[in-house]
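A closer look at the structure
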Amino acid sequence: MNSKPNDKPWGGRFASSTSELVEAFTQSLDYDRFLALQDLAGSRSHARMLAAQSIITSEELNEILTGLDLIQHELERDSFEWDPGLEDVHMNIERRLVDLIGVSGQKLHTGRSRNDQVALDFRLYVSQAVTEWQANIRQLISALVDQADKHRETLLPGYTHLQPAQPVSLAHHLFAYGHMFRRDYQRIDDVLPRIKVSPLGAAALAGTTYSLDPWMVARDLDFPGVFGNSMDAVSDRDFVLEGLFLASMLMMHLSRLAEEIILWSNPGFGFIILPETYATGSSIMPQKKNPDVAELIRGKTGGVFGRLMALLTTMKALPLTYNRDMQEDKEPFIEAHRSVSASLQIMAGMVSALGFNKKQMLRALKQGYLNATELADYLVSKGMTFRNAHHVTGRIVAFAEHKGAGLEELGLEELKGFSDLIKKDVFEVLDYQRAVQRRITPGSTGPGSVELQMQDFREWLDKKNGGSV
Ligand code: ARG
């Protein structure tokens with residue numbers, strides 16, 4: 001053991017200093033340095049409240065605010081000197097404040113503990129992160145809607161079991177993602193009031209003897225809520241977990257879209273032309289254009305899910321109140337934030353740049369006999385039972401397949417050979433565009449529903465973007 005006196009801010013009762021390994025193990029700067037601006041904001045509000053409550057003087061407040069501004073400058077210019085020996089962002093900033101302004105700096109921590117301080121800083125960080133995601137989601141939805149606008153009439157096979165099922169409009173397919181991401185946006189709105197609850201005033205765990213005004217701090221930080229129980233306030237990390245769940249759901253949706261982009265860019269589908277700016281080549285196979293960007297979005301999804309599980313597991317079975325285990329909450333959220341924010345922005349750009357190959361989609365419609373259900377329904381409308389119609393249509397499909405033709409490419413006489421109920425009007429039914437037009441239920445792929453979805457998304461975007469996109 002080292003016998004030098006301990007010079008840590010908490011070192012008063014320690015006769016010896018910490019071993020280097022322990023110092024490196026316990027410091028949290030690698031991640032909590034990203035909370036520096038939030039720490040400054042929290043400290044400004046705390047100091048203003050201390051002055052308003054006459055716990056510090058207005059001169060002391062001014063010195064503290066000036067000192068915190070200087071520190072912000074240093075951080076912005078990247079000239080702030082981090083000392084891992086000071087453990088975390090809070091003590092680094094406090095030590096620098098005292099260096100800069102002397103004894104008033106030592107009063108800033110009055111009535112505060114790092115336990116309520118870190119909870120506040122991280123609540124500020126998480127609330128800002130998820131609010132940024134909302135802006136990114138708006139961009140992505142707007143990219144989807146712009147593509148949909150160009151492709152109301154473009155048809156492609158809709159799939160179940162990844163087998164061609166029924167024709168749908170490409171706009172309708174893209175709007176399905178629009179709906180997913182809009183739910184993610186709304187989910188963030190639902191979670192925000194639980195994130196923006198100020199824990200300041202809980203102190204270490206039991207509250208303090210100073211006459212603090214937690215509501216003043218909350219108002220100053222634009223937080224609508226204040227803690228109701230000091231023990232819960234310092235030990236609650238639900239807000240981080242909810243943030244990680246939001247991240248997971250978003251990534252799951254992004255990963256599904258990424259998967260379709262990967263499939264559709266495969267020559268077997270050939271539905272999309274990958275923009276070169278969003279593709280990479282192979283070092284050995286000259287013909288390749290790979291969808292790596294979409295693959296990485298799909299790949300990062302695993303990491304984000306893992307981080308949610310990691311923090312749930314860290315929190316499980318922790319006794320009240322603050323435990324140092326909880327320091328492990330920064331890395332998962334900050335890393336998940338990086339993945340979500342990059343993936344959303346990149347996906348928005350990629351969706352805007354996608355080119356769709358209508359010919360290939362039409363080819364897939366024909367090859368998949370996506371008008372077979374229409375033919376069966378036609379026979380029913382002419383008086384055949386559905387079971388029979390299903391059977392007869394099946395035989396016609398087998399015949400067409402043998403011939404290498406689409407149903408609509410067979411001659412009337414050939415069709416009549418299977419049932420004399422078939423008349424010339426069958427070709428209207430076999431037309432893919434008409435099949436889609438006949439879908440009239442709300443929310444269907446029919447043109448009426450697609451138009452309504454278009455209006456609905458445009459209005460929503462206008463409202464959320466305050467009139468501008
Ligand atoms: N670095 C710590 C964390 O992130 C800050 C709180 C430390 N509190 C304490 N009592 N050691 O959790």
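These numbers come from a predicted model, not from an experiment.

**With respect to the overall build of the protein chain**
In terms of helices and strands, the protein chain carries 19 helices and six strands. Relative to the 2.2 N^0.38 estimate, which gives 23 Å for 469 residues, the radius of gyration of the protein chain is 31 Å and therefore markedly larger than a compact globule would have. Projected onto its principal axes, the C-alpha coordinates of the protein chain cover approximately 100 × 50 × 40 Å. Buried positions account for 50% of the 469 residues belonging to the protein chain. Accessible surface, the protein chain as shown: approximately 22600 Å² in total, 53% of it carbon and sulfur. A gap of 7 Å separates the mean positions of the 50 positive and 60 negative side-chain charges of the protein chain.

**Observations regarding the packing of helix α14 (residues 372–381) against helix α15 (residues 386–403)**
The N-to-C vectors of α14 and α15 enclose an angle of 135°; their axes lie 8 Å apart at closest approach. Comparing their axes, α15 and α14 come out oblique. Remark: the crossing between α14 and α15 carries right-handed chirality. On α15, the residues touching Ala372, Leu375, Ala376, Asp377, Leu379 and Val380 of α14 are Phe386, Ala389, Val392, Thr393, Ile396 and Val397. Of the residues contributing to the contact of α14 with α15, the split by class is ten nonpolar, one polar and one charged.

**Focus: the site of the ligand**
The ligand sits among Ser28, Asp32, Asp88, His90, Arg114, Asn115, Val118, Tyr322, Arg324, Gln327 and Lys330. Asn115 places a side-chain nitrogen or oxygen 3.0 Å from a nitrogen atom of the ligand. Within the side chain of Lys330, one N or O atom sits 2.7 Å away from an oxygen atom of the ligand. Burial of the ligand by the protein chains amounts to 87% of its free accessible area of 350 Å². In terms of residue count, helix α6 (residues 114–150) provides more of the shell around the ligand than any other element does, three residues in total.

**Observations concerning a negative patch on the surface**
A cluster of acidic residues, Asp30, Asp325, Glu328 and Glu331, forms a negative patch at the surface. Summarising the element assignment, Glu331 is placed in helix α12 (residues 330–353). For Glu331, a relative accessible area of 35% corresponds to the partly exposed category.

**With respect to the side chain of Ser28**
Here Ser28 lies in the loop between α1 (20–26) and α2 (29–32). Aside from chain neighbours lying at most four places away, what touches Ser28 is Glu87, Asp88 and Gln327.

**Description of the packing of aromatic side chains**
The geometry of an aromatic ring pair comes down to the distance between the two centres and the angle between the two planes. Applying the stated criterion across every chain yields a total of 13 aromatic pairs. Taken together, the ring pairs connect Phe122, Tyr125, Trp133, Phe239 and Phe333 into an aromatic cluster. It is Arg182 that lies over the ring of Phe457; its NZ or CZ is 4.4 Å from the centre. Positioned above the aromatic ring of Phe122 is the side chain of Lys330, whose terminal nitrogen or guanidinium carbon lies 5.4 Å from the ring centre.

**Observations concerning α15**
Along its 18 residues, α15 runs 25 Å from first to last C-alpha, staying within 8% of the 26 Å computed at 1.5 Å per residue. Among all positions in α15, only Ala389, Val392, Thr393, Ile396, Val397 and Ala400 are buried. Seen along its axis, α15 keeps its buried residues to an arc of 145°; they face one direction. Turned more than 90 degrees from where α15 packs its buried face, Arg387, His391, Glu401 and His402 sit exposed. Close packing links the buried residues of α15 with α14 and α16 (412–416).

**Thoughts on the packing of helix α3 (residues 36–52) against helix α5 (residues 89–101)**
Two elements in contact, α3 and α5, have axes separated by 10 Å at closest approach and are oriented at 60°. In terms of their interaxial angle, α3 and α5 are classed as oblique. Considering only the axes of α3 and α5, their crossing is right-handed. Mapping the contact onto sequence places Ala36, Asp39 and Leu40 in α3 and Val89, His90 and Ile93 in α5. Each residue belonging to the contact of α3 with α5 can be placed in one class, and the counts come to four nonpolar, one polar and one charged.

**Points about the environment of Gly178**
Inspection of the secondary structure puts Gly178 in helix α7 (residues 170–195). Given the relative accessible area of 3%, Gly178 is considered buried. Spatially, the C-alpha atoms of Gly178 and Leu140 are 8.3 Å apart, while their sequence positions differ by 38 residues.

**Side note on the pattern of salt bridges**
Tallied over the full model, the rule gives 25 salt bridges. Between Lys107 and Glu60 there is a salt bridge, with its nearest N and O atoms 2.6 Å apart. Here the residue Lys107 occupies a position in the loop between α5 and α6, and Glu60 occupies one in helix α4 (residues 58–76), the gap between them amounting to 47 residues. With a relative accessible area of 32%, Lys107 lands in the partly exposed category. The residue Asp329 makes a salt bridge to Lys330 at a minimum N-O spacing of 2.7 Å. In terms of burial, Asp329 and Lys330 fall into one category: buried. In this structure, a network of salt bridges that share partners links the residues Asp146, Asp149, Arg152, Glu451 and Arg458.

Reading the values: rules and limits
Residues numbered from 1 in each chain as written. Predicted model: local features only at pLDDT ≥ 70, side-chain atom pairs only at ≥ 80, totals over all residues. Heavy atoms only, no water. Helix = DSSP H or I, 4+ residues; strand = E, 2+ residues; numbered from the N terminus. Rg over C-alpha atoms; globule rule 2.2 N^0.38 Å. Buried < 20%, exposed > 50% of the residue type's maximum accessible area, 1.4 Å probe, protein only. Areas by Shrake-Rupley, 256 points an atom, 1.4 Å probe, with all protein chains shown as cover. Lys, Arg positive; Asp, Glu negative; His and termini not counted. Charge placed at Lys NZ, Arg CZ, Asp CG, Glu CD. Axes fitted to C-alpha atoms, helices over the stretch in contact; angles between N-to-C directions. Parallel < 35°, antiparallel > 145°, perpendicular 65-115°, else oblique. Left-handed = near helix turned anticlockwise from the far one by under 90°. Contact = heavy atoms within 4.5 Å. Nonpolar A, V, L, I, M, F, W, Y, C, P; charged D, E, K, R; others polar. Near = heavy atom within 4 Å. Polar contact = N/O pair within 3.5 Å; in protein donor to acceptor, adjacent residues only side chain to side chain. Patch = residues over 30% accessible without salt bridge, like charges linked within 9 Å, V, L, I, M, F, W, Y side chains within 5 Å. Salt bridge = Lys/Arg side-chain N within 4 Å of Asp/Glu carboxyl O. Phe/Tyr/Trp six-rings, centres within 6.5 Å; stacked < 30°, edge-to-face > 60°. Lys NZ or Arg CZ within 6 Å of the ring centre and 35° of its normal. Expected span 1.5 Å × (residues − 1). Arc of directions from axis to C-beta.

Functional significance is not addressed by these values, which are geometric in nature.
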